[in-house]
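# Tertiary structure, described
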Amino acid sequence: AQSVSQHNHHVILSEAASLELGCNYSYGGTVNLFWYVQYPGQHLQLLLKYFSGDPLVKGIKGFEAEFIKSKFSFNLRKPSVQWSDTAEYFCAVNGGISGGYQKVTFGTGTKLQVIP
Amino acid sequence: EPEVTQTPSHQVTQMGQEVILRCVPISNHLYFYWYRQILGQKVEFLVSFYNNEISEKSEIFDDQFSVERPDGSNFTLKIRSTKLEDSAMYFCASRGTSGRTNEQFFGPGTRLTVL
């Protein structure tokens, strides 16, 4: 079974600080990895995704994530956060089985609060 | 850009009542999903649907739940007799072909409040 762990439940940063949110996954095969963001009162939006190729993926709004297969990790980073990045961030995984139904398994989320 | 839509955005119902949550997936997509997010908790998979039948369901998806694709565009989630603990945000998602590089696109969600 696939699972996702996010170790930081609540992170508070000042504007311009650097961000790194941890994500570890458990799955026995090829995986697709995602980071979603949920702004207050809004729905899930895809920040970035990894399917294959370059393990460093860049997403929207200056976010990036690095897939480290040996560590089963997919940490999210941003060099300089803004107040508007205040949101909840979810790491997610689905099994990359071709032809599979590919349910997405989400982590518990990390609430990021950016202080102006 | 095509998107998944859901109606209503907020549904309030009395315990024991039936509710139907509606979703319009992206038009050429073949795989459909329902997820839910209880307030303050993570998003949980409920069910996946392909080729007019359920392909996978979670433990949460018991006999009180059913899904249907009544026509070529809608995908519905029915809860027959709602319980207080069904209060949550329900997200619909759809995906294109079976290729592993196809991501799921999520709708904006329906907030269900059971009183």
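Residues numbered from 1 in each chain as written. Chains lettered and ligands numbered in written order. Predicted model: local features only at pLDDT ≥ 70, side-chain atom pairs only at ≥ 80, totals over all residues. Heavy atoms only, no water.

Among the nonpolar cores identified, the biggest contains 29 residues, and Leu-33, Trp-35, Leu-47, Leu-48, Phe-74, Leu-76 and Tyr-89 of chain A are the most heavily contacted of them. Taken together, the elements giving at least two residues each to this core come down to strand 2 (10-14), strand 3 (19-21), strand 5 (31-38), strand 6 (44-50), strand 8 (64-68), strand 9 (73-78), strand 10 (87-95) and strand 12 (110-115) of chain A. By size, the runner-up hydrophobic cluster in this structure holds 22 residues, among which are Val-19, Ile-26, Ile-38 and Leu-46 of chain B. (Core = buried A, V, L, I, M, F, W, Y, C linked by side-chain atoms within 4.5 Å. Buried < 20%, exposed > 50% of the residue type's maximum accessible area, 1.4 Å probe, protein only. Helix = DSSP H or I, 4+ residues; strand = E, 2+ residues; numbered from the N terminus.)

Each neighbour pair has its own omega, and for Thr-7 of chain B with Pro-8 of chain B the value is -10°, a cis peptide bond. Tracing the sequence through the fold places Pro-8 of chain B in the loop between strand 1 (5-7) and strand 2 (10-13). One non-glycine residue, Lys-61 of chain A, adopts positive backbone phi at about 60°. Of the residues examined, Lys-61 of chain A reaches a relative accessible area of 44% and is grouped as partly exposed.

Attention shifts here to the pattern of salt bridges. Residue and element names in this part refer to chain A. Enumeration according to the criterion identifies seven salt bridges over all chains in this entry. Between Arg-77 and Glu-64 there is a salt bridge; the shortest N-O distance is 3.4 Å. Of this pair, Arg-77 sits in strand 9 while Glu-64 sits in strand 8, and the two are 13 residues apart along the sequence. Note on Arg-77: relative accessible area 22%, which makes it partly exposed. Three or more residues joined by partner-sharing salt bridges are found here, namely Lys-58, Glu-64, Glu-66 and Arg-77. (Salt bridge = Lys/Arg side-chain N within 4 Å of Asp/Glu carboxyl O.)

Residues and elements named next belong to chain B. Within the open sheet, the four strands sit side by side as 1-3-8-7. Their pairing is antiparallel. The open sheet has two free edges, formed respectively by strand 1 and strand 7 (65-68), since each of these has just one partner strand. Taken over all neighbouring pairs, the strand axes of this sheet differ in orientation by 20° on average, direction set aside. Bridge analysis of strand 3 (residues 19-24) against strand 8 (residues 75-79) gives five bridges, and the strand direction is antiparallel. Bridge pairing in strand 8 links Ile-20 to Lys-78. (Pairing = 2+ DSSP bridges. Axes fitted to C-alpha atoms, helices over the stretch in contact; angles between N-to-C directions.)

Along the chain, Glu-1 of chain B turns up in the segment before strand 1. For Glu-1 of chain B and Gln-41 of chain B, which are 40 residues apart along the polypeptide, the C-alpha to C-alpha distance reads 30 Å.

Keep in mind these numbers describe shape, not what the thing actually does.
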